[in-house]
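# Residue-level structure breakdown
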Amino acid sequence: MARVDDGTASSQTDEVPAHALSVLRQRRSSKWLTHPPDVLPLTVAEMDFALAPPIALALERAVERADTGYATPASGLPQALSRFAQRRWSWAIEPAAVTAVPDVAGGVVELLRVLTRPGDGVIVNTPVYRPFFDWVGAVGAELLDVPLALDESGWHLDLPALERAFGTGPAAYLLCSPHNPVGRIHRIEELEQVVALSTRYGVPVISDEIHAPLVLPGATFVPMLTVPGAPAQTITVISASKAWNLAGLKCAMAVTGSPAMAAVVERIAPSVRWHAGQFGVLAAIAAFSEGEPWLDLLLVTLGNRRARLGALLADRLPAIRWHPPEATYLAWLDCRTVGSGSDPYNRFLERGRVALEAGPIFGSAGSGYVRLNFATSAEVLEEAIDRMARSL
Ligand SMILES: Cc1ncc(COP(=O)(O)O)c(C=O)c1O
(Lines give C-alpha, C1' and ligand atoms only; values in the text may rest on other atoms or scores of the structure.)
Protein backbone atom coordinates (compact mmCIF):
# COMPACT_ATOMS: atom_id res chain seq x y z
CA MET A 1 0.00 0.00 0.00
CA ALA A 2 1.37 3.40 -0.94
CA ARG A 3 1.06 5.30 2.33
CA VAL A 4 -0.27 3.90 5.54
CA ASP A 5 1.48 5.67 8.36
CA ASP A 6 0.88 9.40 8.32
CA GLY A 7 -2.80 9.63 9.14
CA THR A 8 -4.00 10.28 5.63
CA ALA A 9 -3.70 7.98 2.65
CA SER A 10 -5.06 10.28 -0.03
CA SER A 11 -2.44 12.81 -1.00
CA GLN A 12 -4.56 14.64 -3.56
CA THR A 13 -5.59 18.08 -2.30
CA ASP A 14 -8.55 18.22 -4.65
CA GLU A 15 -10.18 15.38 -2.74
CA VAL A 16 -11.38 14.98 0.83
CA PRO A 17 -8.60 13.22 2.76
CA ALA A 18 -9.00 9.54 3.54
CA HIS A 19 -7.52 8.19 6.73
CA ALA A 20 -4.62 5.77 6.45
CA LEU A 21 -5.17 2.12 7.35
CA SER A 22 -3.12 2.55 10.53
CA VAL A 23 -5.68 5.12 11.71
CA LEU A 24 -8.72 3.26 10.40
CA ARG A 25 -7.68 0.17 12.31
CA GLN A 26 -7.89 2.21 15.52
CA ARG A 27 -11.52 3.05 14.88
CA ARG A 28 -13.95 1.27 17.21
CA SER A 29 -16.83 1.17 14.71
CA SER A 30 -18.58 -1.84 13.26
CA LYS A 31 -16.79 -1.61 9.91
CA TRP A 32 -13.38 -1.86 11.55
CA LEU A 33 -14.07 -4.32 14.36
CA THR A 34 -16.09 -7.00 12.58
CA HIS A 35 -13.22 -8.68 10.75
CA PRO A 36 -9.66 -9.62 11.77
CA PRO A 37 -6.92 -7.10 10.90
CA ASP A 38 -5.67 -8.96 7.83
CA VAL A 39 -9.06 -8.39 6.16
CA LEU A 40 -9.77 -5.18 4.23
CA PRO A 41 -13.37 -4.20 5.01
CA LEU A 42 -15.36 -2.55 2.20
CA THR A 43 -18.58 -3.41 3.96
CA VAL A 44 -21.18 -1.43 5.91
CA ALA A 45 -21.94 2.14 4.78
CA GLU A 46 -19.30 3.99 6.75
CA MET A 47 -16.67 6.13 5.03
CA ASP A 48 -12.90 6.10 5.51
CA PHE A 49 -12.55 9.87 5.15
CA ALA A 50 -11.69 12.42 7.82
CA LEU A 51 -14.67 14.26 9.31
CA ALA A 52 -15.76 17.47 7.62
CA PRO A 53 -13.91 20.22 9.59
CA PRO A 54 -17.05 22.24 10.54
CA ILE A 55 -18.58 19.09 12.03
CA ALA A 56 -15.43 18.18 13.93
CA LEU A 57 -15.35 21.72 15.32
CA ALA A 58 -19.01 21.68 16.34
CA LEU A 59 -18.46 18.41 18.20
CA GLU A 60 -15.24 19.64 19.85
CA ARG A 61 -17.03 22.77 21.06
CA ALA A 62 -19.89 20.67 22.40
CA VAL A 63 -17.42 18.53 24.36
CA GLU A 64 -15.74 21.66 25.74
CA ARG A 65 -19.01 22.97 27.14
CA ALA A 66 -20.21 19.46 28.15
CA ASP A 67 -23.23 19.94 25.94
CA THR A 68 -24.18 16.29 26.29
CA GLY A 69 -27.75 16.57 27.50
CA TYR A 70 -31.02 16.03 25.67
CA ALA A 71 -31.55 17.19 22.11
CA THR A 72 -34.36 19.65 21.35
CA PRO A 73 -36.06 20.94 18.19
CA ALA A 74 -35.20 24.42 19.48
CA SER A 75 -31.61 23.65 18.41
CA GLY A 76 -32.38 24.85 14.90
CA LEU A 77 -32.21 21.45 13.19
CA PRO A 78 -35.50 21.88 11.26
CA GLN A 79 -34.38 25.27 9.93
CA ALA A 80 -30.94 23.94 8.97
CA LEU A 81 -32.46 21.06 6.99
CA SER A 82 -35.00 23.38 5.40
CA ARG A 83 -32.35 25.84 4.17
CA PHE A 84 -30.12 23.02 2.89
CA ALA A 85 -32.98 21.34 1.01
CA GLN A 86 -33.96 24.66 -0.56
CA ARG A 87 -30.42 25.39 -1.75
CA ARG A 88 -29.63 21.84 -2.86
CA TRP A 89 -32.86 20.68 -4.45
CA SER A 90 -35.22 23.72 -4.47
CA TRP A 91 -37.27 21.66 -2.02
CA ALA A 92 -39.31 23.92 0.26
CA ILE A 93 -39.62 22.34 3.71
CA GLU A 94 -41.67 23.97 6.43
CA PRO A 95 -39.49 23.71 9.59
CA ALA A 96 -42.57 22.78 11.61
CA ALA A 97 -42.95 19.73 9.35
CA VAL A 98 -39.57 18.30 10.43
CA THR A 99 -39.51 15.81 13.30
CA ALA A 100 -36.23 14.48 14.69
CA VAL A 101 -36.00 10.73 15.20
CA PRO A 102 -32.98 8.76 16.45
CA ASP A 103 -32.14 7.27 13.06
CA VAL A 104 -33.78 6.31 9.79
CA ALA A 105 -34.35 2.77 11.04
CA GLY A 106 -36.19 3.99 14.14
CA GLY A 107 -38.16 6.57 12.17
CA VAL A 108 -39.34 4.10 9.53
CA VAL A 109 -40.29 1.44 12.08
CA GLU A 110 -42.36 3.94 14.05
CA LEU A 111 -44.08 5.18 10.90
CA LEU A 112 -44.85 1.59 9.88
CA ARG A 113 -46.23 1.00 13.35
CA VAL A 114 -48.68 3.86 12.84
CA LEU A 115 -49.55 3.01 9.23
CA THR A 116 -49.92 -0.77 9.34
CA ARG A 117 -51.65 -3.52 11.25
CA PRO A 118 -50.19 -7.01 11.67
CA GLY A 119 -50.52 -8.97 8.45
CA ASP A 120 -50.76 -5.89 6.21
CA GLY A 121 -48.58 -5.82 3.11
CA VAL A 122 -45.70 -3.33 2.71
CA ILE A 123 -44.17 -2.98 -0.75
CA VAL A 124 -40.38 -3.05 -1.10
CA ASN A 125 -38.16 -3.34 -4.16
CA THR A 126 -35.43 -5.97 -3.88
CA PRO A 127 -32.51 -6.14 -4.04
CA VAL A 128 -32.72 -3.62 -1.22
CA TYR A 129 -30.97 -2.55 2.00
CA ARG A 130 -31.48 -5.64 4.13
CA PRO A 131 -32.94 -4.01 7.28
CA PHE A 132 -36.03 -3.06 5.23
CA PHE A 133 -37.07 -6.71 5.75
CA ASP A 134 -36.50 -6.44 9.51
CA TRP A 135 -38.38 -3.13 9.81
CA VAL A 136 -41.45 -4.55 8.09
CA GLY A 137 -41.22 -7.69 10.22
CA ALA A 138 -40.78 -5.65 13.42
CA VAL A 139 -44.36 -4.35 13.18
CA GLY A 140 -45.82 -7.71 12.13
CA ALA A 141 -46.46 -6.59 8.54
CA GLU A 142 -45.75 -8.74 5.47
CA LEU A 143 -43.20 -7.99 2.77
CA LEU A 144 -44.73 -7.45 -0.64
CA ASP A 145 -41.69 -7.66 -2.88
CA VAL A 146 -41.77 -5.96 -6.26
CA PRO A 147 -38.22 -6.65 -7.47
CA LEU A 148 -36.40 -3.99 -9.44
CA ALA A 149 -36.18 -4.68 -13.17
CA LEU A 150 -32.80 -4.95 -14.90
CA ASP A 151 -32.04 -4.07 -18.50
CA GLU A 152 -29.03 -2.76 -20.44
CA SER A 153 -29.45 0.67 -18.83
CA GLY A 154 -29.36 -0.76 -15.31
CA TRP A 155 -31.75 -1.39 -12.44
CA HIS A 156 -35.04 0.49 -12.24
CA LEU A 157 -38.53 0.37 -10.74
CA ASP A 158 -40.83 -2.15 -12.43
CA LEU A 159 -43.87 0.12 -12.78
CA PRO A 160 -46.34 -2.44 -14.22
CA ALA A 161 -45.48 -4.85 -11.38
CA LEU A 162 -45.81 -2.00 -8.87
CA GLU A 163 -49.28 -1.24 -10.20
CA ARG A 164 -50.32 -4.86 -9.69
CA ALA A 165 -48.96 -4.75 -6.11
CA PHE A 166 -50.75 -1.48 -5.32
CA GLY A 167 -53.95 -3.16 -6.53
CA THR A 168 -53.69 -5.79 -3.78
CA GLY A 169 -54.34 -3.15 -1.09
CA PRO A 170 -50.99 -2.82 0.73
CA ALA A 171 -50.73 -0.57 3.79
CA ALA A 172 -47.60 1.28 2.65
CA TYR A 173 -44.81 1.48 0.08
CA LEU A 174 -41.28 1.71 1.48
CA LEU A 175 -39.29 3.37 -1.30
CA CYS A 176 -35.50 3.56 -1.26
CA SER A 177 -34.52 6.76 -3.07
CA PRO A 178 -31.68 6.82 -4.11
CA HIS A 179 -31.63 3.05 -4.05
CA ASN A 180 -29.23 0.99 -1.94
CA PRO A 181 -27.56 -1.29 -3.14
CA VAL A 182 -27.97 -0.54 -6.88
CA GLY A 183 -27.28 3.23 -6.66
CA ARG A 184 -30.21 4.14 -8.89
CA ILE A 185 -31.73 7.64 -8.79
CA HIS A 186 -35.36 7.16 -9.69
CA ARG A 187 -36.37 9.34 -12.61
CA ILE A 188 -38.96 12.09 -12.21
CA GLU A 189 -41.28 10.24 -14.62
CA GLU A 190 -41.04 7.12 -12.46
CA LEU A 191 -41.73 9.07 -9.27
CA GLU A 192 -44.71 10.74 -10.94
CA GLN A 193 -46.11 7.32 -11.69
CA VAL A 194 -45.52 6.22 -8.10
CA VAL A 195 -47.45 9.30 -6.94
CA ALA A 196 -50.25 8.49 -9.37
CA LEU A 197 -50.46 4.91 -8.04
CA SER A 198 -50.32 5.91 -4.38
CA THR A 199 -53.04 8.51 -4.98
CA ARG A 200 -55.27 6.15 -6.94
CA TYR A 201 -54.97 3.30 -4.45
CA GLY A 202 -54.68 5.44 -1.29
CA VAL A 203 -51.36 3.89 -0.27
CA PRO A 204 -48.93 6.04 1.76
CA VAL A 205 -45.30 6.17 0.64
CA ILE A 206 -42.39 6.24 3.08
CA SER A 207 -39.45 7.56 1.07
CA ASP A 208 -36.08 6.65 2.61
CA GLU A 209 -33.83 9.43 1.27
CA ILE A 210 -30.83 8.88 3.52
CA HIS A 211 -28.52 8.78 0.47
CA ALA A 212 -30.01 11.90 -1.14
CA PRO A 213 -26.99 14.19 -0.59
CA LEU A 214 -24.71 11.51 -2.13
CA VAL A 215 -25.56 12.22 -5.75
CA LEU A 216 -22.51 11.55 -7.89
CA PRO A 217 -21.34 13.78 -10.76
CA GLY A 218 -23.66 13.59 -13.75
CA ALA A 219 -26.90 12.80 -11.92
CA THR A 220 -29.76 14.85 -10.48
CA PHE A 221 -31.82 13.83 -7.49
CA VAL A 222 -35.53 14.54 -7.18
CA PRO A 223 -36.88 14.56 -3.60
CA MET A 224 -40.18 12.70 -3.53
CA LEU A 225 -41.94 15.56 -1.73
CA THR A 226 -41.20 17.90 -4.67
CA VAL A 227 -43.18 15.72 -7.07
CA PRO A 228 -46.60 17.27 -7.67
CA GLY A 229 -49.28 15.46 -5.69
CA ALA A 230 -46.79 13.57 -3.52
CA PRO A 231 -47.15 15.49 -0.22
CA ALA A 232 -50.72 14.25 0.32
CA GLN A 233 -49.46 10.70 0.95
CA THR A 234 -45.66 10.80 1.31
CA ILE A 235 -43.45 10.97 4.39
CA THR A 236 -39.72 11.32 3.74
CA VAL A 237 -37.10 10.12 6.19
CA ILE A 238 -33.73 11.75 5.67
CA SER A 239 -30.46 12.20 7.56
CA ALA A 240 -27.01 13.74 7.31
CA SER A 241 -25.57 10.45 8.51
CA LYS A 242 -24.50 8.84 5.22
CA ALA A 243 -23.12 11.88 3.41
CA TRP A 244 -21.14 13.18 6.39
CA ASN A 245 -20.47 9.81 8.07
CA LEU A 246 -22.40 10.45 11.28
CA ALA A 247 -24.34 7.20 11.67
CA GLY A 248 -23.09 6.56 15.20
CA LEU A 249 -24.32 9.95 16.45
CA LYS A 250 -28.02 9.17 15.96
CA CYS A 251 -30.13 11.78 14.27
CA ALA A 252 -32.57 11.53 11.37
CA MET A 253 -35.65 13.49 10.38
CA ALA A 254 -39.17 12.65 9.25
CA VAL A 255 -40.44 15.33 6.85
CA THR A 256 -44.00 15.91 5.67
CA GLY A 257 -45.73 18.32 3.33
CA SER A 258 -49.42 17.92 4.16
CA PRO A 259 -51.63 17.97 7.26
CA ALA A 260 -52.64 14.34 6.65
CA MET A 261 -49.05 13.08 6.77
CA ALA A 262 -48.13 15.43 9.61
CA ALA A 263 -50.94 13.75 11.56
CA VAL A 264 -49.30 10.35 10.94
CA VAL A 265 -45.96 11.60 12.29
CA GLU A 266 -47.80 13.17 15.21
CA ARG A 267 -48.95 9.68 16.19
CA ILE A 268 -45.37 8.46 16.70
CA ALA A 269 -44.85 7.94 20.42
CA PRO A 270 -43.63 11.22 21.96
CA SER A 271 -40.76 9.42 23.67
CA VAL A 272 -39.30 8.42 20.28
CA ARG A 273 -39.34 12.02 19.14
CA TRP A 274 -37.07 12.81 22.08
CA HIS A 275 -34.57 10.05 21.39
CA ALA A 276 -32.37 11.73 18.78
CA GLY A 277 -28.80 12.05 20.05
CA GLN A 278 -27.56 15.50 20.98
CA PHE A 279 -24.29 14.98 19.08
CA GLY A 280 -26.27 13.74 16.10
CA VAL A 281 -28.40 16.89 16.11
CA LEU A 282 -25.42 19.24 16.55
CA ALA A 283 -23.45 17.44 13.83
CA ALA A 284 -26.41 17.47 11.43
CA ILE A 285 -26.88 21.22 11.94
CA ALA A 286 -23.18 21.80 11.20
CA ALA A 287 -23.41 19.51 8.15
CA PHE A 288 -26.46 21.20 6.65
CA SER A 289 -25.35 24.75 7.51
CA GLU A 290 -21.59 24.67 6.93
CA GLY A 291 -20.80 21.29 5.41
CA GLU A 292 -21.78 21.89 1.79
CA PRO A 293 -18.32 22.79 0.39
CA TRP A 294 -16.96 19.62 1.99
CA LEU A 295 -19.87 17.62 0.58
CA ASP A 296 -19.16 18.94 -2.91
CA LEU A 297 -15.53 17.86 -2.59
CA LEU A 298 -16.65 14.48 -1.25
CA LEU A 299 -18.80 13.99 -4.34
CA VAL A 300 -15.83 14.80 -6.59
CA THR A 301 -13.77 12.30 -4.58
CA LEU A 302 -16.43 9.61 -4.86
CA GLY A 303 -16.79 10.33 -8.58
CA ASN A 304 -13.03 9.77 -8.93
CA ARG A 305 -13.26 6.57 -6.93
CA ARG A 306 -16.16 5.29 -9.01
CA ALA A 307 -14.13 5.90 -12.17
CA ARG A 308 -11.09 4.20 -10.67
CA LEU A 309 -13.20 1.23 -9.66
CA GLY A 310 -14.51 0.94 -13.21
CA ALA A 311 -10.98 0.98 -14.61
CA LEU A 312 -9.73 -1.56 -12.05
CA LEU A 313 -12.63 -3.92 -12.70
CA ALA A 314 -12.15 -3.72 -16.46
CA ASP A 315 -8.45 -4.37 -16.08
CA ARG A 316 -8.27 -6.98 -13.34
CA LEU A 317 -11.73 -8.49 -12.93
CA PRO A 318 -13.27 -8.30 -16.41
CA ALA A 319 -15.75 -11.10 -15.66
CA ILE A 320 -17.47 -8.90 -13.05
CA ARG A 321 -20.22 -6.73 -14.49
CA TRP A 322 -21.78 -3.62 -12.99
CA HIS A 323 -23.84 -0.54 -13.67
CA PRO A 324 -21.93 2.33 -12.03
CA PRO A 325 -24.10 3.89 -9.32
CA GLU A 326 -25.64 7.33 -9.89
CA ALA A 327 -25.69 7.95 -6.12
CA THR A 328 -24.22 6.41 -2.95
CA TYR A 329 -20.70 5.06 -2.60
CA LEU A 330 -21.87 1.50 -3.02
CA ALA A 331 -21.17 -0.65 -6.06
CA TRP A 332 -23.44 -3.59 -6.83
CA LEU A 333 -21.23 -6.12 -8.56
CA ASP A 334 -22.53 -9.01 -10.64
CA CYS A 335 -20.12 -11.84 -9.85
CA ARG A 336 -22.27 -14.66 -11.16
CA THR A 337 -19.37 -15.93 -13.26
CA VAL A 338 -17.62 -16.57 -9.92
CA GLY A 339 -20.53 -18.42 -8.34
CA SER A 340 -24.08 -18.22 -7.03
CA GLY A 341 -25.54 -17.38 -3.62
CA SER A 342 -22.81 -16.11 -1.30
CA ASP A 343 -20.02 -17.98 -3.12
CA PRO A 344 -18.36 -14.82 -4.48
CA TYR A 345 -18.56 -13.14 -1.06
CA ASN A 346 -17.00 -16.21 0.59
CA ARG A 347 -14.29 -16.53 -2.04
CA PHE A 348 -13.24 -12.87 -1.74
CA LEU A 349 -13.26 -13.05 2.05
CA GLU A 350 -11.61 -16.41 2.58
CA ARG A 351 -9.03 -16.37 -0.20
CA GLY A 352 -8.70 -12.65 -0.87
CA ARG A 353 -9.11 -11.30 2.69
CA VAL A 354 -11.49 -8.62 1.41
CA ALA A 355 -14.84 -8.26 3.17
CA LEU A 356 -17.79 -7.05 1.08
CA GLU A 357 -21.53 -7.47 1.66
CA ALA A 358 -22.97 -10.74 0.36
CA GLY A 359 -25.62 -10.21 -2.33
CA PRO A 360 -28.24 -12.63 -0.95
CA ILE A 361 -28.77 -10.54 2.19
CA PHE A 362 -30.42 -7.92 -0.08
CA GLY A 363 -32.96 -10.48 -1.29
CA SER A 364 -32.86 -13.50 -3.57
CA ALA A 365 -32.11 -11.27 -6.59
CA GLY A 366 -28.70 -10.77 -4.95
CA SER A 367 -27.54 -14.34 -5.56
CA GLY A 368 -24.04 -14.18 -7.03
CA TYR A 369 -23.69 -10.44 -6.33
CA VAL A 370 -21.61 -8.53 -3.79
CA ARG A 371 -21.85 -4.91 -2.63
CA LEU A 372 -18.59 -3.00 -2.43
CA ASN A 373 -18.17 0.25 -0.44
CA PHE A 374 -15.78 2.53 -2.35
CA ALA A 375 -15.76 5.42 0.16
CA THR A 376 -12.09 4.88 0.83
CA SER A 377 -8.68 5.92 -0.44
CA ALA A 378 -7.55 5.02 -3.96
CA GLU A 379 -4.83 2.91 -2.35
CA VAL A 380 -7.20 0.78 -0.30
CA LEU A 381 -9.52 0.38 -3.27
CA GLU A 382 -6.69 -0.74 -5.50
CA GLU A 383 -5.39 -3.18 -2.90
CA ALA A 384 -8.88 -4.63 -2.46
CA ILE A 385 -9.36 -5.19 -6.19
CA ASP A 386 -5.89 -6.75 -6.43
CA ARG A 387 -6.73 -9.14 -3.63
CA MET A 388 -10.11 -9.99 -5.18
CA ALA A 389 -8.44 -10.67 -8.53
CA ARG A 390 -5.80 -12.89 -6.91
CA SER A 391 -8.49 -14.83 -5.03
CA LEU A 392 -9.86 -16.02 -8.37
C1 LIG B 1 -31.23 3.00 2.52
C2 LIG B 1 -30.80 3.07 3.95
N3 LIG B 1 -31.68 3.37 4.90
C4 LIG B 1 -31.33 3.44 6.19
C5 LIG B 1 -30.04 3.21 6.60
C6 LIG B 1 -29.71 3.22 8.06
O7 LIG B 1 -29.89 4.49 8.54
P8 LIG B 1 -29.82 4.79 10.09
O9 LIG B 1 -28.43 4.45 10.55
O10 LIG B 1 -30.13 6.23 10.19
O11 LIG B 1 -30.85 3.92 10.73
C12 LIG B 1 -29.06 2.92 5.64
C13 LIG B 1 -27.67 2.68 6.04
O14 LIG B 1 -26.80 2.46 5.27
C15 LIG B 1 -29.46 2.84 4.28
O16 LIG B 1 -28.57 2.56 3.31
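Everything numeric in this text was worked out from a predicted model, so none of it was measured. (Residues numbered from 1 in each chain as written. Predicted model: local features only at pLDDT ≥ 70, side-chain atom pairs only at ≥ 80, totals over all residues. Heavy atoms only, no water.)

### Some details on the packing of aromatic side chains
All told, the structure shown has 14 aromatic pairs when counted by the stated rule. With a centroid separation of 5.7 Å and 85° between ring planes, the pair formed by Phe166 and Tyr173 is classed as edge-to-face. Residues Phe166 and Tyr173 agree in their burial class; the two are buried. Each ring, one from Phe166 and one from Tyr201, has its centre 6.3 Å from the other, and the planes form 35°; the classification is tilted. Residue Phe166 is located in helix H7 (residues 159-166), and its partner Tyr201 is located in helix H8 (residues 188-201); the two are separated by 35 residues in the primary sequence. Given a relative accessible area of 1%, Phe166 falls into the buried group. Among the aromatic residues, those joined into a ring-pair cluster are Phe84, Trp89, Trp91, Phe221, Trp244 and Phe288. (Phe/Tyr/Trp six-rings, centres within 6.5 Å; stacked < 30°, edge-to-face > 60°. Buried < 20%, exposed > 50% of the residue type's maximum accessible area, 1.4 Å probe, protein only. Helix = DSSP H or I, 4+ residues; strand = E, 2+ residues; numbered from the N terminus.)

### A look at the site of the ligand
As a matter of local geometry, the ligand sits amid Ala45, Asp103, Val104, Ala105, Tyr129, Trp135, Cys176, Asn180, Asp208, Ile210, His211 and Lys242. A distance of 2.9 Å is found between an oxygen atom of the ligand and a backbone nitrogen or oxygen belonging to Ala105. Asp208 is positioned with one of its side-chain polar atoms (N or O) 2.6 Å from a nitrogen atom of the ligand. Relative to its unbound accessible area of 400 Å², the ligand is 93% covered by the protein chains. (Near = heavy atom within 4 Å. Polar contact = N/O pair within 3.5 Å; in protein donor to acceptor, adjacent residues only side chain to side chain. Areas by Shrake-Rupley, 256 points an atom, 1.4 Å probe, with all protein chains shown as cover.)

### Focus on empty space enclosed by the protein
What the rule picks out here adds up to one cavity of 30 Å³ or more. As a volume, the largest cavity reaches approximately 30 Å³. Lining the largest cavity are Ser239, Ala240, Ser241, Leu246, Leu249, Lys250, Cys251, Gly280 and Ala284. Considered class by class, the residues forming the lining of the largest cavity number five nonpolar, three polar and one charged. (1 Å grid on protein atoms, 1.4 Å probe; cavity = no way out; pocket = protein on both sides within 12 Å on 5 of 7 lines; lining within 4 Å. Points joined across faces, edges and corners; volume = space filled by probe spheres on them. Nonpolar A, V, L, I, M, F, W, Y, C, P; charged D, E, K, R; others polar.)

### A word on the confidence of the model for the chain
Within the chain, residue pLDDT values average 96, and 97% of them lie at 70 or more. For the stretch residues 1-7, pLDDT sits under 50, and the model shows 19 contacts to residues farther than four places along the chain or on other chains. (pLDDT = per-residue confidence, 0-100. Contact = heavy atoms within 4.5 Å.)

### Concerning the layout of surface pockets
Estimated volume of the largest pocket: approximately 510 Å³. In terms of lining, the largest pocket is formed by 27 residues, of which the most central are Val44, Tyr129, Pro131, Ile210 and Lys242. Those elements that place two or more of their residues in the lining of the largest pocket are helix H5 (104-115) and helix H6 (131-138). Across the lining of the largest pocket, the residue classes break down as 15 nonpolar, four polar and eight charged.

### A short note on the sheet that holds strand E14 (residues 357-358)
Strand order across the open sheet formed by four strands is E11-E12-E15-E14, with antiparallel pairing between neighbours. Each having just a single partner strand, strand E11 (321-322) and E14 make up the two edges of the open sheet. Note that E11 and strand E12 (residues 330-334) share two bridges and pair antiparallel. Within E12, the residue paired with Trp322 across the bridge is Leu333. (Pairing = 2+ DSSP bridges.)

### Brief notes about the side chain of His156
Summarising the element assignment, His156 is placed in strand E6 (residues 154-156). Of the residues examined, His156 reaches a relative accessible area of 17% and is grouped as buried. Only 3.1 Å separates the side chain of His156 from the side chain of Asp151, close enough to count as a polar contact. His156 has contacts with Leu148, Ala149, Asp151, Arg184 and Glu190, leaving out every residue within four places of it along the chain.

### Here we look at the environment of Val205
Within the element layout of this structure, Val205 appears in strand E8 (residues 205-208). With near-sequence residues (within four places) excluded, Val205 lies in contact with Tyr173, Leu175, Val194, Ser198, Met224, Gln233, Thr234 and Ile235.

### Notes on the sheet that holds E8
Spatial strand order, E2-E10-E9-E8-E7-E3-E4: seven strands in an open sheet with mixed pairing. Looking at the sheet topology across the chains shown, the edges are occupied by strand E2 (98-101) and strand E4 (142-145). Here the strands of the sheet are splayed against their neighbours by 25° on average, with no regard to which way each runs. Relative to strand E9 (residues 234-238), E8 runs parallel, the two being bridged by four bridges. Paired with Val205 across the strands is Thr234, a residue of E9. (Axes fitted to C-alpha atoms, helices over the stretch in contact; angles between N-to-C directions.)

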